[in-house]
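Observations on the model geometry
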Amino acid sequence: MKHFLTGTELGRGDLLALLNSAAQLKKNRSTHAKPLSGKTLALMFEKPSLRTHLSFAVAMKELGGEVVE
């Protein structure tokens, strides 16, 4: 398992594969199953960030997951 924290953890090929996968998922949103079904995302921010908070919450819900705030 790889973690993506700073961007330096992935090589060029891995990063391109990740971006390609994201583009395909976005293009075919309605045809994919809910890949994050049964998963929970905890949202914790040091500073208030409404846009970031809402973006993550909406994305998690669209992918089938739950959000804890």
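Located above this text is the structure these notes cover.
Residues numbered from 1 in each chain as written. Predicted model: local features only at pLDDT ≥ 70, side-chain atom pairs only at ≥ 80, totals over all residues. Heavy atoms only, no water.

What follows deals with the layout of surface pockets. Considering only enclosed or pocket space, the largest pocket measures out at about 480 Å³ in volume. Around the largest pocket sit 16 residues that line it, and Leu36, Ala59, Met60, Glu62 and Leu63 are the ones nearest its centre. Mapped by element, the contributors of at least two residues to the lining of the largest pocket are helix H1 (12–27) and helix H2 (50–62). Looking at the lining of the largest pocket element by element, the count peaks at five residues for H2. Volume-wise, the second largest pocket comes out at about 230 Å³. Lining of the second largest pocket is provided by Leu18, Ser21, Ala22, Leu25, Pro35 and Leu63. (1 Å grid on protein atoms, 1.4 Å probe; cavity = no way out; pocket = protein on both sides within 12 Å on 5 of 7 lines; lining within 4 Å. Points joined across faces, edges and corners; volume = space filled by probe spheres on them. Helix = DSSP H or I, 4+ residues; strand = E, 2+ residues; numbered from the N terminus.)

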